[in-house]
Amino acid sequence: MPANADDSRATPVRKAIHEDRVPRRRTKSRRSHKAAVEIAQLIVDDITDDRLAPGTRLQSERDMVARFEVGRGTLRESLRFLEMSGVLTMKAGPQGGPFVADPDAHDLAGSLGLFLQLRAVPFSQIIAAREILEPELAGRAAVGASEEIRELIADSIAGMEAFLDNDENFRAENDRFHAAIATAAGNDLFTLLIVSLHQITDGMPLGVSYSIENRAAVLKAHVTIADTIRAGDPEGARWAMRRHMREFHEFVKRRYPEAYERPVKWRDVAQ
């Protein structure tokens, strides 16, 4: 019914429903507004507004206390929060103080791990999320990947071939492969999210390991995905990535059922 339709045409039942309906409101933060959080936000504004590069030294604590007109304890709470979030690093000594860091997907994975544990989200659901997202990113990569990214994807495959007999190095190249595809999709949020989810599903803290035969199968799947991306075949890339993720899902479910059902632990992610 059009928005300007006569309300008199509504049935009595619908009228009663509308009359009894309680308006909903967005959930508001249950936390009180803390001065330390406000100061942390102002510091982040300084970093982004002034485009301060990683490694840049910020004002001293004494200068910040004077500028923000807060106590030293409040400022230090702000700095500790930003350090835990990966925004700053704190260095001791005469030339020390707060320095701009370079937060990445590792920091995001740590934050996600905390919330995932509190909500008792099982490992299986993280894999399922990747199974939904990554095929679409592969399809987008087939359309929008630059030559530089295509070369990065190819280089990660060469790295996997070189380290086929070394599980740790192979995993690192595997991470590069998935990160490059997410980057090729052209959306920084997807890149951060996929890389962080990939880190969470690494599985090493849960005891998930891969034999050289498993690694060879992963390498073969990656070659197929890379070929479809280089050929500019989005549907082929989606299909190849979907099959790859489904195989990974089934591998963990079949070989590591306890890890598959286990809720994610913050300590397993934020290492």
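Above this note sits the structure.
Report follows, based on the coordinates.

About the criteria used
- Residues numbered from 1 in each chain as written.
- Predicted model: local features only at pLDDT ≥ 70, side-chain atom pairs only at ≥ 80, totals over all residues.
- Heavy atoms only, no water.
- Helix = DSSP H or I, 4+ residues; strand = E, 2+ residues; numbered from the N terminus.
- Expected span 1.5 Å × (residues − 1).
- Bend = angle between axes of the 7 residues up to and from the residue.
- Core = buried A, V, L, I, M, F, W, Y, C linked by side-chain atoms within 4.5 Å.
- Buried < 20%, exposed > 50% of the residue type's maximum accessible area, 1.4 Å probe, protein only.
- Contact = heavy atoms within 4.5 Å.
- Salt bridge = Lys/Arg side-chain N within 4 Å of Asp/Glu carboxyl O.
- Pairing = 2+ DSSP bridges.
- Axes fitted to C-alpha atoms, helices over the stretch in contact; angles between N-to-C directions.
- Parallel < 35°, antiparallel > 145°, perpendicular 65-115°, else oblique.
- Left-handed = near helix turned anticlockwise from the far one by under 90°.
- Nonpolar A, V, L, I, M, F, W, Y, C, P; charged D, E, K, R; others polar.
- Phe/Tyr/Trp six-rings, centres within 6.5 Å; stacked < 30°, edge-to-face > 60°.

**A look at helix α6 (residues 123-144)**
The end-to-end C-alpha distance of α6, which contains 22 residues, comes to 31 Å, matching closely the 32 Å that a straight helix rising 1.5 Å per residue would cover. Of all bends in α6, the biggest is about 25°, found at Leu 133, and the proline Pro 135 comes one to four residues later.

**Notes on the nonpolar core**
Grouped burial of nonpolar side chains is what soluble globular proteins tend to show. Counting residues in hydrophobic clusters, the biggest one holds 32 residues, and the most contacted among them are Ile 153, Phe 177, Ile 181, Ile 225, Ile 229, Met 241 and Val 252. Every element with two or more residues in this core is listed here: α6, α7 (147-162), α8 (167-184), α10 (212-230), α11 (234-255) and α12 (257-261). The leading source of residues in this core is α11, at seven residues. Beyond its immediate chain neighbours, meaning those up to four positions away, Met 241 contacts Glu 134, Pro 135, Ala 138, Phe 177, His 178, Ile 181 and Ile 225. Counting residues in hydrophobic clusters, the runner-up holds 14 residues, among them Leu 58, Met 64, Phe 68 and Leu 79.

**A short note on the pattern of salt bridges**
Tallied over the full model, the rule gives 15 salt bridges. In this structure, Asp 46 engages Arg 67 in a salt bridge whose closest nitrogen and oxygen atoms are separated by 2.6 Å. Here Asp 46, found in helix α2 (residues 35-49), pairs with Arg 67, found in helix α3 (residues 61-68); they are 21 residues apart in sequence, far enough to count as distant. Looking at Arg 67, the relative accessible area reads 42%, which means it is partly exposed. Taken together, the shared-partner salt bridges connect Glu 136, Arg 140, Glu 235 and Arg 238 into one network.

**Let's talk about the pairing of strand β2 (residues 97-100)**
Looking at chain direction, strand β1 (residues 88-91) and β2 are connected through four bridges and run antiparallel. Across the sheet, residue Met 90 finds its bridge partner in β2, namely Pro 98. Count of turn residues in the β1/β2 antiparallel hairpin: five residues, of which Gly 93 carries a positive phi of about 100°.

**Considerations on the packing of α6 against α11**
Where α6 meets α11, the axes come as close as 7 Å, and the angle between the chain directions of the two elements is 160°. As judged from the angle between their axes, α6 and α11 are roughly antiparallel. The interaxial crossing formed by α6 with α11 has right-handed handedness. Each residue belonging to the contact of α6 with α11 can be placed in one class, and the counts come to 13 nonpolar, three polar and seven charged.

**Thoughts on the environment of Glu 213**
Tracing the backbone through its elements, the reader meets Glu 213 in helix α10. Measuring from C-alpha to C-alpha, the distance between Glu 213 and Leu 164 comes to 9.2 Å, with 49 residues separating the pair along the chain.

**Overview of the packing of aromatic side chains**
Overall, the coordinates contain two aromatic pairs when judged by the stated rule. Ring centres 5.4 Å apart and planes at 25° place the aromatic pair Tyr 210 and Phe 251 in the stacked group. Taken together, the residues Tyr 210 in the loop between α9 (188-200) and α10 and Phe 251 in helix α11 connect sequence positions 41 residues apart. For the pair shown, Tyr 210 and Phe 251 are each scored as buried. Judged by relative accessible area, Phe 251 falls into the buried class, the value being 8%. These aromatic residues form a ring-pair network of at least three members: Tyr 210, Phe 251 and Tyr 256.

**Quick look at α2**
Taking 1.5 Å of rise per residue, 15 residues should cover 21 Å, and α2 covers 21 Å from first to last C-alpha, within 8% of that figure. Along its buried surface, α2 packs onto α3, α4 (72-84), β1 and β2. One or two residues past the end of α2 sits Arg 51, with phi positive at roughly 50°.

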